[in-house]
Amino acid sequence: MQWNNILPEVKWEDAVAWFTYDPGRPLLFNTGLFLGLFVVFYAIYLLLRKTFYLRIFYVIAFSLFFYYKSSGMYFLLLLFTSVLDYTLSYFLYRETREMQRKIYLWFSVIVNLSFLAYFKYTNFLIGNYNDLFGGKFAFYDVILPVGISFYTFQSISYTIEIYRKEITPAKSFPDYLFFVSFFPQLVAGPIVRAKDFIPKIYEKLTITKEEVNYGLFLIIGGLIKKTVISDYISVNFVDRVFDSPNSYTAFENLMATYGYTIQIYCDFSGYSDMAIGIALLLGFELPPNFHTPYKSGSITEFWRRWHISLSTWLKDFLYISVGGNRRGSFGGFFFPAVFFIAVIAWGVANLNVSIWPLITAGSAFGLFVLSFLLAKDRQKTLVTNVNLLTTMLLGGLWHGASLRFIVWGALHGIGLAVHKLFSEFFPTPKGKGGNRLWHFISVVITFHFVAFCWIFFRAKDFTIALDVIQNIGKVTFNPAQWETIIMGYKNVFILMFIGYVWHFLPENIINAMKQAFYRTPLAGKAVILGFVYWLVYAAASAGPQPFIYFQF
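Residues numbered from 1 in each chain as written. Predicted model: local features only at pLDDT ≥ 70, side-chain atom pairs only at ≥ 80, totals over all residues. Heavy atoms only, no water.

(A) Here's a closer look at the overall build of the chain. Helix and strand counts for the chain stand at 22 helices and zero strands. The globule rule puts the C-alpha radius of gyration for 552 residues at 24 Å, and the 25 Å found for the chain is close to it. Counting only C-alpha atoms, the chain reaches 75 × 75 × 60 Å along its principal axes. A buried classification covers 51% of the 552 residues belonging to the chain. If you take every contact in the chain between residues at least 6 apart in sequence, the share linking residues at least 24 apart comes to 76%. (Helix = DSSP H or I, 4+ residues; strand = E, 2+ residues; numbered from the N terminus. Rg over C-alpha atoms; globule rule 2.2 N^0.38 Å. Buried < 20%, exposed > 50% of the residue type's maximum accessible area, 1.4 Å probe, protein only. Contact = heavy atoms within 4.5 Å.)

Now the structure itself:
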């Protein structure tokens, strides 16, 4: 028996491709290439675990290689901003004059945001200028570096925390580069705070059996969420409907919206689970990023459960910076004012087509105004709601250079303001029975509001979003048609059902599953992991799909 009958033949070109950048095949957690590279990396990592500097440099090298395989030569941009921020923070920490400290801070923030603005928003600004003023500027051929939004926020938080004297700088540049480039969370989070992560670098590295078990449990769950559930639903149903909603029935449009709602959760939380699991295998604990967000009884609770690292970052570094619930600021009032002027102008401009855009814009403005006019403390509520809306508008813009992301953020901002007012006049009912019924109703309402907002997030433009919404409005009770559609997309609906059941499982069942996995012998764990990778391969109908948040 010859080895080439057992092992696949590897050509020189294949080996070269493993270590060179291919824009069409970025290195993803859910690929066989990453699994193979990580197994080799991890074996050497375990041998180096009792060293310090050698281990630090080894992880940095692999992290930069990982980013190179994801974004090509843009890993040099990551290195440049790391050198800049480390140098500025070094002088910032030692500076005692307040004006000079502010100069160091603002220089770091402006440079980081300038890179982000160039790569992410150049064509957005050119397109809007051309539309508004009849300009004829050509679009730039700009490729967005993967994860630039995540590591930019991470770098900015480091500088701000040093300015606020909440942390001391990293002891050396390699330590700082380790923090910024740590590959499990580099390209799509969770966004790690320097004050939480950097101290762990200097602690004695311990990798416990519990951490390895939990890490493998998260990786396996993340792979199933991302590749088996999210990718299959996306490729075989959701993408088709959102590409051409008018070619499908009203019921299919509704189901595609429900499908995307669980798809984006499984995709993003699946990535976060894998990132946290891989970090645990390396002996580092990353913060949780999701906590069953669709169980939320309000939009406020939703943002405490969804993309937790981003919502925490926005609260600490944006919401509080523009005044929080204490004071107003120019920035806090500027962005909501621009938004409402723009949407009302849009409504007026479309009067010759339909009156509904103006009614929609006026209703949004009126609802927001009522959220503080009807409040018991108008002044404080005005400041709080304006700053909340500013935070969500900029949070929407962070997600993507498109007006639909801004509208998505605005809907959530207005939703937060309305919920605050609602809570003033209708607090949660007392009593066990009342609580259960009220909570169920609140969860259903919150879930459907979030699902409605996802339409703007997913649609490629406003026309598509409005088409989906109009089609959903035409849904009628037609069991025979529904059964035909469900049977036609049987596998899709089965996976959607599994995704939602998994999400809504009680905590005690999840914990029981963890304990059962922990007690499984090592050979059993290996079989489970092998089966999951086979399942991933079998379910991959169009090759490995990039994670949704890679585009942000």
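(B) Up close: the pattern of salt bridges. Going through the model one piece at a time under the given rule, you end up with ten salt bridges. A salt bridge links Arg305 to Glu301; the nearest nitrogen and oxygen atoms lie 2.9 Å apart. Placement of both Arg305 and Glu301 in helix H11 (residues 299-305) is noted, with a separation of four residues, approximately one turn of the helix. Residue Glu301 is classed as partly exposed on the basis of its relative accessible area, which comes to 21%. Each of the salt bridges in this network shares a partner with another, and the network as a whole consists of Glu161, Arg193 and Asp316. (Salt bridge = Lys/Arg side-chain N within 4 Å of Asp/Glu carboxyl O.)

(C) Focus on the packing of helix H4 (residues 75-94) against helix H6 (residues 148-163). Here H4 crosses H6 at 10°, and the two axes come no closer than 9 Å. Put simply, H4 runs roughly parallel to H6. Contacts between H4 and H6 involve Leu77, Leu78, Thr81, Asp85, Tyr86, Ser89, Leu92 and Tyr93 from the first element and Ile148, Tyr151, Ser155, Tyr158, Thr159, Ile162 and Tyr163 from the second. Its residues assigned to classes, the contact of H4 with H6 comprises ten nonpolar, four polar and one charged. (Axes fitted to C-alpha atoms, helices over the stretch in contact; angles between N-to-C directions. Parallel < 35°, antiparallel > 145°, perpendicular 65-115°, else oblique. Nonpolar A, V, L, I, M, F, W, Y, C, P; charged D, E, K, R; others polar.)

(D) Summary view of unusual backbone geometry. A positive phi angle, close to 35°, is found at Thr292, a residue other than glycine. Topologically, Thr292 is positioned in the loop between helix H10 (250-281) and H11. The phi dihedral of His307 falls on the positive side, at around 40°, and the residue is not glycine. Secondary-structure assignment places His307 in the loop between H11 and helix H12 (308-319).

(E) Main features of the packing of aromatic side chains. Counting across every chain of the model gives 77 aromatic pairs. Aromatic side chains Tyr21 and Tyr68 sit 6.3 Å apart centroid to centroid with 55° between the ring planes, which places their arrangement in the tilted category. Of this pair, Tyr21 sits in the loop between helix H1 (12-18) and helix H2 (32-47) while Tyr68 sits in helix H3 (residues 53-71), placing them 47 residues apart in sequence. In this structure, Arg94 is placed above the aromatic ring of Tyr90, and the distance from its NZ or CZ to the ring centre is 3.7 Å. Across from the ring centre of Trp398, 5.2 Å away, lies the NZ or CZ of Lys120, which sits over that ring. (Phe/Tyr/Trp six-rings, centres within 6.5 Å; stacked < 30°, edge-to-face > 60°. Lys NZ or Arg CZ within 6 Å of the ring centre and 35° of its normal.)

(F) Molecular detail of helix H20 (residues 490-504). In this model H20 runs 21 Å from its N-terminal to its C-terminal C-alpha over 15 residues, within 8% of the 21 Å that 1.5 Å per residue would give. All buried positions along H20 are accounted for by Val492, Phe493, Leu495, Met496, Gly499, Tyr500 and His503. One face of H20 carries all of its buried residues, which in axial projection span an arc of 160°. (Expected span 1.5 Å × (residues − 1). Arc of directions from axis to C-beta.)

(G) Main features of the layout of surface pockets. Roughly 840 Å³ of volume is contained in the second largest pocket. Surrounding the second largest pocket, 31 residues form its lining, Tyr214, Leu218, Asp273, Ile510 and Lys514 being those nearest its centre. Sort the elements by how many residues they give to the lining of the second largest pocket and helix H9 (residues 209-243) lands first, with eight residues. (1 Å grid on protein atoms, 1.4 Å probe; cavity = no way out; pocket = protein on both sides within 12 Å on 5 of 7 lines; lining within 4 Å. Points joined across faces, edges and corners; volume = space filled by probe spheres on them.)

(H) How the structure looks around the packing of H9 against H10. At a closest axis distance of 7 Å, the pairing of H9 and H10 adopts a crossing angle of 155°. On the basis of their axis angle, the class for H9 and H10 is roughly antiparallel. Between H9 and H10 lies a crossing of left-handed hand. Along the lines of polarity and charge, the residues of the contact of H9 with H10 split into 23 nonpolar, eleven polar and seven charged. (Left-handed = near helix turned anticlockwise from the far one by under 90°.)

(I) Local environment of helix H8 (residues 194-201). Of all the residues in H8, the buried ones are Ala194, Phe197, Ile198 and Ile201. Taken around the axis of H8, the buried residues stretch over an arc of 95°, which confines them to a single face. In this fold, the buried residues of H8 make contact with H3, H6 and helix H7 (173-181).

(J) Region of the structure containing the side chain of Asn289. Residue placement: Asn289 occurs in the loop between H10 and H11. A relative accessible area of 1% means that Asn289 is categorised as buried. Not counting residues within four places of it along the chain, the set of residues in contact with Asn289 comprises Pro190, Phe268, Ser272, Ile276, Arg305, Trp306, His307, Ile308 and Ser309.

(K) Broad picture of a nonpolar patch on the surface. The grouping of Leu370, Leu373, Leu374, Phe422, Phe425 and Phe426 at the surface amounts to a nonpolar patch, some 560 Å² of accessible area in total. Where the nonpolar patch is concerned, the elements lending two or more residues are helix H14 (356-373) and helix H16 (403-425). Mapping Leu370 onto the fold places it in helix H14. (Patch = residues over 30% accessible without salt bridge, like charges linked within 9 Å, V, L, I, M, F, W, Y side chains within 5 Å. Areas by Shrake-Rupley, 256 points an atom, 1.4 Å probe, with all protein chains shown as cover.)

(L) Examining the side chain of Ser63 more closely. Structurally, the position occupied by Ser63 is in helix H3. The class of Ser63 is buried, set by a relative accessible area of 0%. Excluding residues within four positions of it along the chain, Ser63 makes contact with Ser181, Phe182, Phe183 and Leu186.

(M) Quick peek at the state of the cysteines. Scanning the model with the defined rule gives zero disulfides in all. Looking at the unpaired Cys266, the closest cysteine sulfur is the one in Cys453, lying at 19 Å. Judged by its relative accessible area of 2%, Cys266 is buried. When its relative accessible area of 0% is taken as the criterion, Cys453 is described as buried. (Disulfide = S-S within 2.5 Å.)

(N) Structural detail: the environment of Phe66. On the secondary structure map, Phe66 appears in helix H3. Residues Phe66 and Lys136, spaced 70 residues apart in sequence, show a C-alpha to C-alpha distance of 39 Å.

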